Amino acid sequence: MIRLHFVVEGQTEEQFVNALLVEHLVQHGVFCDARCVLTSRQGYRQFKGGVSKYNQIRRDVWLWMKEDAKQDARFTTMFDLYRLPADFPGLADSAAMQDAYHKIELLERRFAEDIDDMRFVPHLQLHEFESLLFSDIRCLQSEFPAAARQVARLQDSTASFESPELIDDGPDTAPSKRIIAEIPAYQGLKVSAGPRVAASIGLTILRRRCTHFNGWLTKLEALDR
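In this numbering scheme, every chain counts its residues from 1 along its sequence in written order. Residues qualify for local features only when their pLDDT is at least 70, as the model is predicted, and side-chain atom pairs are given and counted only at 80 or more; totals for whole chains, interfaces and linings, by contrast, use all residues. Derived side-chain values reflect all non-hydrogen atoms in the structure, with water molecules and hydrogen atoms excluded from consideration.

Of note, L25 is situated in helix 1 (residues 11-26). Three labels apply to residues, based on accessible area from a 1.4 Å probe with only protein chains included: buried if under 20% of the type maximum, exposed if over 50%, partly exposed otherwise in between. Using a relative accessible area of 0% as the deciding quantity, one classes L25 as buried. Separated by 197 residues in the primary sequence, L25 and A222 place their C-alpha atoms 9.5 Å from one another. Each residue touching L25, except ones within four places of it in the same chain, is listed here: L4, F6, V30, C32, L217, L220 and E221. Segments assigned H or I by DSSP are reported as helices when at least four residues long, segments assigned E as strands when at least two residues long, and all are numbered from the N terminus. Note on contacts: a residue pair is in contact if any heavy atoms of the two residues lie within 4.5 Å.

Given below as structure tokens:
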């Protein structure tokens, strides 16, 4: 059985991995665990999430690789393309690229080259975790029953996007910003509400609507082969 370690951006992604991916991947011979990237220390206190520098990501990946140096270990990541650290490998080169899928392919390739370990499977989320929720944004109402009109407006405002992954990364129109603008309470509840909504949608629909996410999960399913 392959042991797969997820280094993730924050608690929302950690909860998502634990809620949806752990049980799914164990059926493919892949045993998973996840932890948030460590961003700072103050004495004995550790602070996680809210990545501002690429070195914070690289350090955590490398440290975990040293902790588990065995060949049956694998490592992957879940970080948002939205507000990726400015010093991330390849980010400057990708700035002029119009095709989001080509852009993220370049970034993940540069990420893998920098980590330089065959056990590493890089993943960046297009454009952020909340993109997945727009696979069926109607499920958001299960967490916010009184927000039927707001959820309908979210659905209407993003209907023209070919995929939830292509919802833009503007500071006011990124997926999470759209949700918070309509349902402000989501901001304080996203760690719990976001993964629950994703679970309500289910992996089948998430994969069908989100090409890049599906490609990543397909690679993870095949790690034991």
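Next comes the rest of the description.
Working definition: a ring pair exists when centres of Phe, Tyr or Trp rings (six-membered ring for Trp) sit within 6.5 Å. Plane angles under 30 degrees give stacked, over 60 give edge-to-face, the rest tilted. Considering all chains together, one arrives at nine aromatic pairs under this definition. With a centroid separation of 5.0 Å and 75° between ring planes, the pair formed by F111 and F120 is classed as edge-to-face. Both residues of the pair, F111 and F120, belong to the buried class. Joined through ring pairs, the aromatic side chains of F6, F16, F129, F213 and W216 make up one cluster. Lysine NZ or arginine CZ positioned within 6 Å of the ring centre and within 35 degrees of the ring normal marks a charge as sitting over the ring. Lying across the ring of W64, R35 places its NZ or CZ 3.9 Å from the centre.

Right, let's talk about unusual backbone geometry for a bit. Following L126, the chain continues to H127 via a peptide bond in cis, the omega torsion being -20°. Tracing the backbone through its elements, the reader meets H127 in the loop between strand 7 (124-125) and helix 5 (148-157). Not every positive phi belongs to a glycine, and R83 is a case in point at roughly 60°. By the secondary structure assignment, R83 is in the loop between strand 5 (73-80) and helix 3 (91-94). Judged by its relative accessible area of 59%, R83 is exposed. Although it is not a glycine, D116 adopts a positive phi angle of roughly 55°. With respect to the secondary-structure elements, D116 resides in the loop between helix 4 (100-115) and strand 6 (120-121). Judged by relative accessible area, which is 66%, D116 ranks as exposed.

Attention now moves to the confidence of the model for the chain. Taken residue by residue, the chain gives an average pLDDT of 93. The fraction at 70 or more is 95%. Note on scores: pLDDT gives the predictor's confidence for each residue, bounded by 0 and 100. For residues 42-47, every residue scores under 50 in pLDDT, and the model assigns this stretch nine contacts once sequence neighbours within four places are set aside.

Take the state of the cysteines next. Here, a disulfide means two cysteine sulfur atoms that sit within 2.5 Å of each other. In total, this model carries zero disulfides according to the counting rule given. Cysteine C32 remains unbridged, with the sulfur of C36 as its closest cysteine sulfur at 15 Å. Its relative accessible area of 6% is what places C32 among the buried residues. No disulfide involves C139; its sulfur sits 13 Å from the nearest other cysteine sulfur, which is in C210.

Here we come to the pairing of strand 2 (residues 30-36). The two faces of strand 2 differ: V30, C32, A34 and C36 on one face are buried, but F31, D33 and R35 on the other face are not. In this scheme, strands are said to pair when DSSP sees at least two bridges between them. Two strands pair when backbone bridges link them, and strand 1 (residues 2-8) and strand 2 are joined in this way by seven bridges, in the parallel orientation. Note that in strand 2 the partner of R3 across the bridge is F31. As a crossover connection, the stretch from strand 1 through helix 1 into strand 2 is right-handed. Look down the strands so they point away from you; if going from the first strand over the helix to the second traces a clockwise path, that crossover is right-handed.

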